[in-house]
Amino acid sequence: MEFLSSVLGLVPCLYDHTSKHTVYIRDLKKNLQALSKEMADLNNLYEDVKARVKRAEQRQMMRTKEVGGWIRQVEDMEKEVAEILQGGNQEIQKRCLGCCPRNCWSSYKIGKAVSEKLVAVSGQIGKGHFDVVAEMLPRLPVDELPMEATVGPQLAYEKSCRFLKDPQVGIMGLYGMGGVGKTTLLKKINNEFLATSNDFEVVIWAVVSKSPDIEKIQQVIWNRLEIPRDKWETRSSREEKAAEILRVLKRKRFILLLDDIWEGLDLLEMGVPRPDTENKSKIVLTTRSQDVCHQMKAQKSIEVECLESEDAWTLFRKEVGEEILNSHPDIPMLAKVVAEECRGLPLALVNLGRAMAAEKDPSNWDNVIQDLRKSPAEITGMEDKLFHRLKLSYDRLPDNASKSCFIYHSMFREDWETYNFHLIELWIGEGFMGEVHDIHEARDQGKKIIKTLKHACLLESGGSREIRVKIHDVIRDMALWLYGEHGVKKNKILVYNKVARLDEDQETSKLKETEKISLWDMDVGKFPKTLVCPNLKTLFVKKCHNLKKFPSGFFQFMPLLRVLDLSANYNLSELPTGIGKLGALRYLNLSNTRIRELSIEIKNLKNLMILIMDGMESLEIIPQDMIASLISLKLFSIYKSSGVEETLLEELESLNDISEISTTICNALSFNKLKSSHKLQRCISHLHLHKWGDVISLELSSSFFKRMEHLKALYISHCDKLKDVKINVEREGIHNDMTLPNKIVAREEYFHTLRHVDIEHCSKLLDLTWLVYAPYLEHLYIEDCELIEEVIRDDREVCEMKEKLNIFSRLKYLKLNRLPRLKSIYQHPLLFPSLEIIKVYECKGVRSLPFDSNTSNNSLKKIKGETSWWNQLKWNDETCKHSFTPYFQIHEVEAYLSDSEESEIGSIDDVQEQPISN
């Protein structure tokens, strides 16, 4: 009966084969196969689009709505097609004789659904070929600026907000004395745009400073306007850049915040259209002079005044701290008197408050009050009023050396950050440390002075790692005022951004009383033929990028010159004749110049104590016996420069007073000379092994390291055949019995000075397991080493040592960059009690960090890397992951590796100071 039923069912089907709908039944199997193939093609296209979207989103881009909709449609379609294919295949299996359906209506419906979905899938494929899958995320119209909670001036702030809403006010000036809080008020205005709704499309913050750099301001504006880099970089001149900025700003409603203006600016020279009632844009500026407000044609000028007594006391109390105020019943009353003596000046309140933040003895507070009252109560003139109060921090410095070192910082141009090590070397050259017998002791003394000056709030830390210092511009002005004997002798120190001003000074005989000159002129191509400076003791010529050489005899009328810093003149190719006549010279810095050959005249500098030639890659010729003739030389540095020959090391060895050497070595002869000389080993501070092409295995004995008692940094670069570094651990009197306890003792005894290790472009290097012998290592950088798989190899000896001591216990900064085969730092968790920063870039094989629940994050500041790398990390447990996740920061490629401020290796890696970034 069942068979008869099936046969009878064929009758209408055979009839229907002649109709137009039978194609759905007839072609069902073929269409199912076509649909399956089309869906596979769609899935492949879907995966390609998703991959493109993922890469774009990792670059902080956002997928387009069209692409997002297409992806969702494919995901929905995939489920629908799967159900249709399943139903279609079941229908095929039910057919009689392999071709006739049991139920024509059911087969017809499925066939039709398959045919329609085939058309839909084909259409979806056609829609999926996108030229663009994602766009850059729109930048917030305002960047939040870091600032502490403010105390006053509320009246000026309220006026500012009111005038910003006034359509008749396009330019507003905030003026007042130095240190009164103008910058703080401007920051508060900037950040307020984050909290309140407004109609401005972009808020731009730029620091101008005393000598305005128009191109630097243009760069800041460009960065906020997000003008395409390729378009910007084709604008080579200032005028072309101004035209591009003007083109964009004319179409935007903007607010430009200009901090610290000292003279009128030509807005159109920068490319900034003047605000008016039509474009409804705004400019707010800060300055110390009301005249500047007039020069800038400000419609409204607001004076930022000192704090009222109540606000002044609140600020002073905040800086001193409740612990000190509560340490003795008399101190609160005395503290109020001190705060009143500051006359409401925020900078004075902050500086003096911090200076008193450790004073628990009431008698010390009494002394401070007496010191304050010795100055006149009413001093005419804005600067005098400020300086006489700020001078208290200077007067309280413990000795004349600290005072001289503080004033010296005024030699650097405004907004400049100086490396601590460079500043200390200059101080030594100037003689501030007295008679120097040991350069290392002098360095220690310099570090203590920097600490003292920072505690007195006369210097501030630059950057996050406290390896640089900076000075507030008001404090710097006070230092200049102090060096000029309270303004009486203003020409004792000259800091110029334009060398041309020297010609004017010579005509007026200003230079005859000048003791210090500091020149920073990026545009200068030539200098005056000579300078008559009979009292000149210090000369800086820095960042003069167009300077190729000095006039012959340029130094002949500078008989007292002690310090000559010519570093960072990147095109300077030769020294002038007559440099050998600088008989009093104690310090000479030629770093980062293009000088190819040193002048033989340098051998006449018998008082020269410090000679620095770092980063001089063009240097080829150092005259024979020249270094040996420098009988007073104590510090010699030719780090990250061309390699030294064996003969130069022999000359250094012959010097009686030499105590610190930083050098680059490129061959076995020079290295063997170093290994054979105990004197040289004791002097080495920074050692750079560079392009040593034939070294395969570098074997160093622990006794070698013991004699290198001042070695702070080891830098190995471009040693293409180097496979491993081996440390042969030995102890005096023990040759064969190097058991674990003896190795641990040797580690503490012989490797205690090494702080910095940098390994770059060593393509055959496999690991750095020898670092377990460096217990006080603070900085470790490994870059572009293609074969390295582990930083510390997991072998039996290392495991034994790990049980007895803490590997990397002092490590603060770890950077791993472009290590394609790296799998792990170490396979077992480490404590890392000192770790502050870890950066991992382009190390895709690193799937885990040596962290667990015992790893410390007390000192940790950040973990930087790509989002994709961070997301694929494996963790021991979720608690550990949650503990470290808040420290992760995305590495932004567009930042152009701005961690140069953290790239110092042994304090000499980046020998140039840097301006404060704004």
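From a predicted model like this one, the values you see are computed outputs, not experimental measurements.

Novice: Before we go on, may I ask you to explain the packing of helix α6 (residues 154-164) against helix α7 (residues 182-195) in this structure?
Specialist: α7 packs onto α6 with a crossing angle of 50° between their chain directions and a minimal axis gap of 11 Å. On the basis of the axis angle, α6 is oblique to α7. With respect to the hand of their crossing, α6 and α7 are arranged in right-handed fashion. Contacts from Q154, A156, Y157, S160 and L164 in α6 reach L185, K188, I189, E192 and F193 in α7. The class makeup of the residues in the contact of α6 with α7 is six nonpolar, two polar and two charged.

Novice: Would you take a moment to explain helix α16 (residues 346-355) for this structure?
Specialist: Along an α-helix, residues three or four apart share an orientation, since each turn contains 3.6 residues. Among the 10 residues in α16, eight count as buried, and that is most of the element. Turning to α16, its buried residues number three or more, namely P346, L347, A348, L349, V350, N351, L352 and G353.

Novice: Looking at this structure, how should I read the packing of aromatic side chains?
Specialist: Two measures describe an aromatic ring pair: the distance that separates the ring centres and the angle between the ring planes. Tallying each qualifying case throughout the model produces 28 aromatic pairs. Judged by centre distance (5.4 Å) and plane angle (70°), the ring pair of W870 and W875 falls under edge-to-face. When sorted by exposure, W870 lands in the same class as W875, which is buried. In this structure an aromatic cluster arises from ring pairing among F808, F832, F851, W869, W870, W875, F884 and F888. Taking the ring centre of Y157 as reference, the NZ or CZ of K188 above it sits at 4.3 Å. Positioned above the aromatic ring of Y483 is the side chain of K492, whose terminal nitrogen or guanidinium carbon lies 4.8 Å from the ring centre.

Novice: I tried to follow a negative patch on the surface on my own but got confused; where do I start?
Specialist: Taken together, the side chains of E303, E305, E308, E310 and D311 define an acidic patch exposed on the protein surface. One can find D311 in helix α13 (residues 309-320). When its relative accessible area of 30% is taken as the criterion, D311 is described as partly exposed.

Novice: Can you help me understand the side chain of S637 in this one?
Specialist: With respect to the element layout, S637 can be found in strand β17 (residues 635-638). Engagement of the side chain of S637 in a polar contact is seen with the side chain of D614, the distance being 2.6 Å.

Novice: Looking at this model, I keep getting lost on the side chain of K543. Mind explaining?
Specialist: Considering the arrangement of structural elements, one finds K543 in the loop between β13 (538-541) and β14 (563-565). With a relative accessible area of 17%, K543 lands in the buried category. Not counting residues up to four positions away in its chain, the partners in contact with K543 are W416, W520, D521, M522, S567, A568, N569 and Y570.

Novice: Could you clarify how one ought to interpret the sheet that holds strand β7 (residues 300-303) in this entry?
Specialist: For sheets, the rule is that strands pair by backbone hydrogen bonds, running either parallel or antiparallel. Read from one edge to the other, the open sheet built from five strands follows the order β4-β5-β6-β3-β7, with strand pairing classed as parallel. Strand pairing shows two members of the sheet lacking a second neighbour, β4 (202-209) and β7, which therefore form its edges. Neighbour to neighbour, the strand axes of the sheet diverge by 15° on average, direction disregarded. Judged from the five bridges that link them, strand β5 (residues 254-261) and strand β6 (residues 282-287) form a sheet pairing that is parallel. Across the sheet, I255 pairs through a bridge with K282, a residue of β6. Sheet strands in contact with α6 are β3 (171-175), β5, β6 and β7, and its direction is about 170° off that of β7.

Novice: What is the right way to read the nonpolar core from this model?
Specialist: If you look at soluble globular proteins, the nonpolar side chains tend to sit buried side by side. In terms of nonpolar packing, the biggest core is built from 122 residues, with L539, F636 and F808 touching the most fellow members. The contact partners of F636, leaving out residues within four places of it in the chain, are L611, M613, I627, L648, L652, I658, E660, I661 and S662. With 95 residues, the next largest nonpolar core counts V304, L334, F432 and M478 among its residues.

Novice: Is there a simple way to explain α13 in this structure?
Specialist: For α13, spanning 12 residues, the distance from its first C-alpha to its last is 16 Å, which sits close to the expected 16 Å at 1.5 Å a residue. Here α13 has its buried residues at A312, W313, L315, F316, E319 and V320. Projection of α13 onto a plane perpendicular to its axis shows the buried side chains occupying an angular sector of 165°, all on one side. One or two steps after α13, the chain reaches G321, where phi turns positive at roughly 95°.

Novice: Can you help me understand the environment of G553 in this one?
Specialist: Considering the arrangement of structural elements, one finds G553 in the loop between β13 and β14. Note on G553: relative accessible area 12%, which makes it buried. Residues G553 and G578, spaced 25 residues apart in sequence, show a C-alpha to C-alpha distance of 5.2 Å. Look past the residues within four positions of G553 in its chain and what remains in contact with it is K529, T530, P576 and T577.

Novice: Looking at this structure, I do not really get the pattern of salt bridges. What am I missing?
Specialist: Any two side chains of opposite charge can pair, so long as their charged atoms come close to each other. Inspection of every chain in the model, using the stated rule, returns 30 salt bridges. A salt bridge links E57 to R63; its shortest N-O distance comes to 3.0 Å. Taking relative accessible area as the criterion, E57 reaches 33% and is therefore assigned partly exposed. Across the pair E485 and K489 runs a salt bridge, and its minimum N-O distance is 4.0 Å. Judged by relative accessible area, which is 36%, E485 ranks as partly exposed. For K489, a relative accessible area of 38% puts it in the partly exposed group. If you follow the salt bridges from partner to partner, you end up with R235, E244 and R247 in one network.

Novice: Would you mind going over the environment of A134 with me for this structure?
Specialist: Tracing the backbone through its elements, the reader meets A134 in strand β2 (residues 134-136). By relative accessible area, A134 is classed as buried at 8%. Each C-alpha atom of the pair A134 and K65 lies 8.8 Å from the other, and the pair is 69 residues apart in sequence. The contacts of A134, once residues within four sequence positions are left out, are A56, M61, M62, R63 and T64.

Novice: Help me understand the confidence of the model for the protein, please; the structure alone is not making it clear to me.
Specialist: Parts of the prediction with low pLDDT should not have their coordinates interpreted in detail. Chain-level statistics for the protein give a pLDDT mean of 83 and a share of 86% at 70 or above. Across residues 1-11 the pLDDT falls below 50, and counting only partners more than four positions away or on other chains, this stretch makes four contacts in the model. Scored below 50 in pLDDT, residues 375-382 shows 13 contacts in the model against residues more than four places distant or in partner chains.

Novice: Hey, could you run me through unusual backbone geometry in this one?
Specialist: Glycine aside, a negative phi is what most residues show, and trans is what most peptide bonds show. Positioned with a positive phi, D260 is a non-glycine residue whose angle comes to about 65°. Locating D260 in the fold gives a position in strand β5. According to the relative accessible area criterion, D260 is buried, its value standing at 12%. The backbone phi angle of K297 is positive, close to 60°, even though this residue is not glycine. Relative to the helices and strands, K297 resides in the loop between α12 (290-295) and β7.

Here is what the cut-offs are and how they apply
- Residues numbered from 1 in each chain as written.
- Predicted model: local features only at pLDDT ≥ 70, side-chain atom pairs only at ≥ 80, totals over all residues.
- Heavy atoms only, no water.
- Axes fitted to C-alpha atoms, helices over the stretch in contact; angles between N-to-C directions.
- Helix = DSSP H or I, 4+ residues; strand = E, 2+ residues; numbered from the N terminus.
- Parallel < 35°, antiparallel > 145°, perpendicular 65-115°, else oblique.
- Left-handed = near helix turned anticlockwise from the far one by under 90°.
- Contact = heavy atoms within 4.5 Å.
- Nonpolar A, V, L, I, M, F, W, Y, C, P; charged D, E, K, R; others polar.
- Buried < 20%, exposed > 50% of the residue type's maximum accessible area, 1.4 Å probe, protein only.
- Phe/Tyr/Trp six-rings, centres within 6.5 Å; stacked < 30°, edge-to-face > 60°.
- Lys NZ or Arg CZ within 6 Å of the ring centre and 35° of its normal.
- Patch = residues over 30% accessible without salt bridge, like charges linked within 9 Å, V, L, I, M, F, W, Y side chains within 5 Å.
- Areas by Shrake-Rupley, 256 points an atom, 1.4 Å probe, with all protein chains shown as cover.
- Salt bridge = Lys/Arg side-chain N within 4 Å of Asp/Glu carboxyl O.
- Lys, Arg positive; Asp, Glu negative; His and termini not counted.
- Charge placed at Lys NZ, Arg CZ, Asp CG, Glu CD.
- Polar contact = N/O pair within 3.5 Å; in protein donor to acceptor, adjacent residues only side chain to side chain.
- Pairing = 2+ DSSP bridges.
- Core = buried A, V, L, I, M, F, W, Y, C linked by side-chain atoms within 4.5 Å.
- Expected span 1.5 Å × (residues − 1).
- Arc of directions from axis to C-beta.
- pLDDT = per-residue confidence, 0-100.

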